[in-house]
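As a plain string of letters, each chain reads:
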Amino acid sequence: MKLFLQLVLLPVALIFISGCSQQDAVTAIKLAHGLDISHPVHKGMVYFAEQVAERSNGQMRIDIYPSGQLGSERQCLELLQIGSLGMTKVSAAVLENFAPRMKVLGLPYLFRDDEHAWAVLNGPIGKGLLLEAQNYWLRGVCFYDAGSRSFYTKDRPINSPDDLDGLKVRVMNSQTAMQMVKALGGAPTPISFGELYTALQQGVVDGAENNPPSFYTSRHYEVCKYYSIDEHSTVPDVMLIGTNTWERLTAQEQTWLQEAADASVEYQRKVWAASEQEALDAVKAAGVQINYPDKSPFAARVEDIYERYKDDAEIYELIQQIQAVQ
């Protein structure tokens, strides 16, 4: 009897934990991430879910679990890899560990402007990068606008690279991000985003770097009262699907999902543009001092990072290809 119950209950358990399940002929996919529901990237994923339902005429459903409900960014990636979670969202910088060429997107001052960035991300280069991590059971679906990253600090503004000397700055778990902060004179300190508020409060780090909406929705402005808009990097977010989940979908379901994602990119970019100004206005009203330092000294300090890649033919060629995009 015990063996019989195990054989009966095992398939039920597998269906329960699966990232992609079918109930009443509806394909349901779990999408988990660590952002607050007010964040513009979350809103883009909500629109994506609406588009999936509409395009599939209710035959597919995306169930979203925000705010770290199902684990940290790293844990969600691991759940994707084993098929226990269907989709997630991470910064492109985090994917460097799975797709080495993705590191190029974290290089400081890589893009001339927003138009250049999206010409790259929506073109052949970007589409190729999205598929780079498939050997690690991770398939990129689309890039979301995550704006430009700037420094925010507790005790003093950053008006020049010299102001970073001796400061412990939280960075993502990204070699490129660590190289950049080190080149600017700071001490890079990788910390999970979910643990950063406490780390700032307790003085584990002196500051961090991120885009305006993330600075605002994370409430880091309650601890850091200086925001220096140097816009040192423009690292997009990536919405991912586990290859286990992707391969269980029919060709038609894959088409619905990809088309819905592509539509959500355009929507999310509009939401992002509005949210950036709203975030800056809100943190300023909360007592944050916002300054706009001259970017040229920062750019000059990090030029050496590009020179290092001359010994990496693949990455150096990719840099040149990106710079050539019009």
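The residue numbers shown here count from 1 along each chain, following its written sequence. Per-residue local features of the predicted model are confined to residues with pLDDT of at least 70, and side-chain atom pairs are confined, for both listing and counting, to 80 or more; whole-chain, interface and lining totals are unaffected and use all residues. In computing side-chain properties, one takes all heavy atoms of the structure into account and sets aside hydrogens as well as water.

Enquirer: Where do I start with the overall build of the protein in this structure?
Expert: Here a helix means four or more residues in a row that DSSP labels H or I, a strand means two or more in a row labelled E, and each is numbered from the N terminus. Within the protein one finds 13 helices and 12 strands. For the protein, the spread of C-alpha atoms along the principal axes amounts to about 70 × 45 × 40 Å. Within the protein, buried positions represent 52% of all 326 residues. Computed by Shrake-Rupley with a 1.4 Å probe, the accessible areas treat only the displayed protein chains as cover when residues are assessed. Surface exposure of the protein reaches about 14900 Å², of which carbon and sulfur atoms provide 51%. This count recognises Lys and Arg as positive and Asp and Glu as negative, with His and chain-terminal groups excluded. For the purpose of locating charges, the reference atoms are NZ of Lys, CZ of Arg, CG of Asp and CD of Glu. In the protein, 28 side chains carry a positive charge and 40 a negative one; their mean positions are 4 Å apart. A simple rule labels every residue: compare its accessible area, found with a 1.4 Å probe on the protein chains alone, to the largest value its type can have, and call it buried under 20%, exposed over 50%, or partly exposed in between.

Enquirer: I would appreciate a short explanation of the pairing of strand 4 (residues 87-91) in the present structure.
Expert: Across a regular strand the side chains alternate sides, sitting on one face of the sheet and then on the other. In terms of residue burial, strand 4 counts as a mostly covered element, since five of its five residues are buried. Of the two faces of strand 4, the one lined by M87, K89 and S91 and the one lined by T88 and V90 are each fully buried. The pairing criterion for strands is at least two bridges between them, as found by DSSP. As judged from the two bridges shared by strand 2 (residues 26-32) and strand 4, these two strands associate in the parallel manner. Counted as the bridge partner of L31 is M87 from strand 4.

Enquirer: How should I be thinking about empty space enclosed by the protein in this particular structure?
Expert: Empty pockets left among the atoms are what a rolling probe the size of a water molecule brings to light. Each cavity reported here is a set of points on a 1 Å grid over the protein atoms alone in which a 1.4 Å probe fits but cannot get out, each pocket an open set with protein on both sides within 12 Å along at least five of seven lines, and each lining residue one with an atom within 4 Å of a point. Grid points are joined across faces, edges and corners, and a volume is the space filled by probe spheres set on the points. Under the definition given, this model contains one cavity of 30 Å³ or more. If you add up the space inside the largest cavity, you get close to 60 Å³. If you go around the largest cavity, the residues you meet are A93, E96, G106, R149, M172, S174, T176, A177, M180, E209, S233 and V235. With three residues, the single largest contributor to the lining of the largest cavity is helix 6 (residues 175-183).

Enquirer: Teacher, can you tell me more about unusual backbone geometry here?
Expert: For residues other than glycine, phi is negative in most cases, and the peptide bonds are mostly trans. Positive phi, normally seen in glycine, also occurs at S67, with a value near 60°. When you line up the elements, S67 lands in the loop between strand 3 (60-65) and helix 3 (73-82). Judged by relative accessible area, which is 42%, S67 ranks as partly exposed. The phi dihedral of R219 is positive, around 65°, even though this residue is not glycine. In this fold, R219 is placed in the loop between helix 8 (212-217) and strand 10 (226-233).

Enquirer: Would you mind showing me how to read the packing of aromatic side chains here?
Expert: The geometry of two aromatic rings is summed up by the distance between their centres and the angle between their planes. The rule is short: rings of Phe, Tyr and Trp, with Trp giving its six-membered ring, pair when the centres are within 6.5 Å, and they are stacked under 30 degrees, edge-to-face over 60, tilted in between. The full count for this structure, using the stated rule, is seven aromatic pairs. Here Y47 and Y267 contribute two aromatic rings whose centre-to-centre distance is 4.2 Å and whose plane-to-plane angle is 10°, an arrangement assigned as stacked. In this pair, Y47 sits in helix 2 (residues 40-55) while Y267 sits in helix 10 (residues 251-285), placing the two residues 220 residues apart along the sequence. Among the residues examined, Y267 registers a relative accessible area of 33% and is labelled partly exposed. A ring pair is formed by F215 and Y227, whose centres lie 4.6 Å apart and whose planes are at 40°; its orientation type is tilted. With F215 in helix 8 and Y227 in strand 10, the pair connects residues that are 12 residues apart, well separated along the chain. Judged by relative accessible area, F215 falls into the buried class, the value being 0%. Through pairs of rings, three or more aromatic residues link up here, namely Y152, F215, Y216, Y221 and Y227.

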